[in-house]
Amino acid sequence: MNQFCVEGNKKLNGNVIISGSKNAALPILFMSILTNHKVKISNVPKLTDIDLAIQLLKYIGAEIKHQKCILIDPKPIKLICPPQNLISKIRGSIWMLAPLLTRFNQAKIFFPGGCQIGKRPIDLHLKGLKKLGATIRIKKNSIQAFITKRMKGTHILMEKISVGATVTIISAAVLAEGLTVIENAAREPEIVDIAKFLNTLGANITGAGNKKIFIKGVSKLNGGKHKVIPDRIETGTFLVAAAISKGRVICKKTEPKHLKQVLKKLSDSGAIIKFGKNWISLDMRGKRPHSVDISTAAYPGFPTDLLAQFTLLNSISKGKSKITETIFENRFMHVPQLIKMGANITTTQEKNIICCGVPKLFSKNVFSTDLRTSATLILAGCIAEGITQVHKIFHLFRGYEYFSKKLNLIGANIKRNNKK
Ligand code: EPZ
């Protein structure tokens, strides 16, 4: 696997242009299956997960032009069973199930993949589809879904907040008969963006972003165009880069209102935060941050996707801190790698990360294990003593567009080498 050589002792200063949101773009691409008309999607980040989604859509028959924007003609789609070797690479491929079922009255999806941050079950997706009238058969490594007539809107109380399952149910309800109400729905900005896209095509969704979402079924969807929202997790990652390196970074083309909890924690760490309509600046004024206690939660709580980055922040901050993960079972894979670099971290059975801040980390050979750990280890290398080798960086390209290039533009020195 190739790796990055990251030079340490850097102070990161400058402007970063934030890319479109991976976790909005992925579902929106798959939602195009619901219509026979052309859709144009802009601000889609160049990521391997996006490339995979495009491969999957092309495989089932969609015609796609991927220039600055992504032009999709879903009319030729005819296959209802995408290939396992593609489906099993990303979590987002589960979002093909409901649209294919709606369009063809049947679908077969192999179990999805994604970061190994937990069991990643799909029971809530399937329960929602059953409540809408689908018959679900679980085979050895695939799911088959059938309907004999148009799905029927109903009231669905989510036993657990799930971004993915909320998307699946919305995508099944938009063309169902009658009203669907999703209670205890996920409230992430990505859900709001997906609803906005579907409404542009003619859906009738209200309440997205709240705990209760109402979907009035329509008979068909049209075409349309949509610009994907900025990536709030990439934004948070670059703000942490400024905080840990005692620098000053301005994130542009982003959305401050998607990061309220994150900005509060960064301010609590001693950073000077300023923001406008589509930009956020963080100035550490050369000072070492204070550590901050965090408990992750579904939006608008503190995002689990920034847990690894804030573990790094706390590792080099003044004081002792506790981070509690409440969403996934196995989101601590970054911890052993940071300990290798000199961090003083312990974890508990109750999914707590206890950090005692140290003044310095030291370069080591470290290994990425998932998307957010990759970004965190590269940032750790930027501030460590010496040159850090970050291995298995293929994880990074799943979710960060031009990450090393953007960091090098604000003072980092990251080189890629392809030694085995
Ligand atoms: C989405 O994952 C994101 N991925 C994740 O981002 C993000 O961390 C997560 O939402 C939470 O915000 C994409 O959008 C592609 P969930 P998802 O369904 O949909 C349990 C990243 O780094 N659950 O909200 O898989 C589940 O195990 C990735 O960009 C069930 O029990 O997350 C978890 O404990 C990582 N049954 C909790 O719910 C189900 O059927 C939340 O999962 C579905 C989920």
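Scroll up a little and you will see the structure.
Residues numbered from 1 in each chain as written. Predicted model: local features only at pLDDT ≥ 70, side-chain atom pairs only at ≥ 80, totals over all residues. Heavy atoms only, no water.

**Re the overall build of the protein chain**
Each helix and strand counted, the protein chain has 13 helices and 23 strands in total. At 22 Å, the protein chain has a C-alpha radius of gyration in line with the 22 Å of a compact globule built from 420 residues. Overall size of the protein chain, expressed as C-alpha extent along the three principal axes, is 65 × 45 × 40 Å. For the protein chain, the residues scored as buried account for 59% of the 420 residues in total. A fraction of 73% describes how many contacts in the protein chain between residues 6 or more apart in sequence connect residues 24 or more apart. Put simply, the protein chain shows about 17000 Å² of open surface, and 53% of that area lies on carbon and sulfur atoms. Side-chain charges in the protein chain split into 66 positive and 25 negative, and the spacing between the mean points of these groups amounts to 3 Å. (Helix = DSSP H or I, 4+ residues; strand = E, 2+ residues; numbered from the N terminus. Rg over C-alpha atoms; globule rule 2.2 N^0.38 Å. Buried < 20%, exposed > 50% of the residue type's maximum accessible area, 1.4 Å probe, protein only. Contact = heavy atoms within 4.5 Å. Areas by Shrake-Rupley, 256 points an atom, 1.4 Å probe, with all protein chains shown as cover. Lys, Arg positive; Asp, Glu negative; His and termini not counted. Charge placed at Lys NZ, Arg CZ, Asp CG, Glu CD.)

**Some points on the site of the ligand**
Taken together, 24 residues sit near the ligand, with D123, S162, D305, I327 and R372 positioned nearest. Measuring from an oxygen atom of the ligand, one finds a side-chain N or O atom of N23 at 3.0 Å. Note that a nitrogen atom of the ligand is positioned 2.7 Å from one of the side-chain N or O atoms of D123. Protein coverage of the free-state accessible area of the ligand, which is 820 Å², stands at 94%. Secondary structure elements with two or more residues in the shell around the ligand: α1 (22-31), α5 (123-131), α6 (163-173) and α12 (371-383). When residues of the shell around the ligand are assigned to their parent elements, the largest contribution, 3 residues, is made by α5. Its residues placed into classes, the shell around the ligand shows 10 nonpolar, 5 polar and 9 charged. (Near = heavy atom within 4 Å. Polar contact = N/O pair within 3.5 Å; in protein donor to acceptor, adjacent residues only side chain to side chain. Nonpolar A, V, L, I, M, F, W, Y, C, P; charged D, E, K, R; others polar.)

**A closer look at helix α10 (residues 307-315)**
Of all 9 residues in α10, 9 are buried, a share of seventy percent or more. Of all the residues in α10, the buried ones are L307, A308, Q309, F310, T311, L312, L313, N314 and S315.

**Considerations on the packing of aromatic side chains**
Tallying each qualifying case throughout the model produces 4 aromatic pairs. Each ring, one from F4 and one from F397, has its centre 6.2 Å from the other, and the planes form 80°; the classification is edge-to-face. Here the residue F4 occupies a position in strand β1 (residues 3-7), and F397 occupies one in the loop between β22 (387-391) and α13 (403-408), the gap between them amounting to 393 residues. Their ring planes at 55° and their centres at 4.8 Å tell us that Y400 and F403 sit as a pair that is tilted. For Y400, a relative accessible area of 2% gives the class buried. Classification of F403 as buried rests on a relative accessible area of 2%. Each residue in the set F238, Y400 and F403 is aromatic and connected to the rest through ring pairs, giving one cluster. Of note, K405 hangs over the ring of Y402, and the distance from its end group to the ring centre comes to 5.1 Å. (Phe/Tyr/Trp six-rings, centres within 6.5 Å; stacked < 30°, edge-to-face > 60°. Lys NZ or Arg CZ within 6 Å of the ring centre and 35° of its normal.)

Geometric descriptors of this kind do not, in isolation, establish any biological role.
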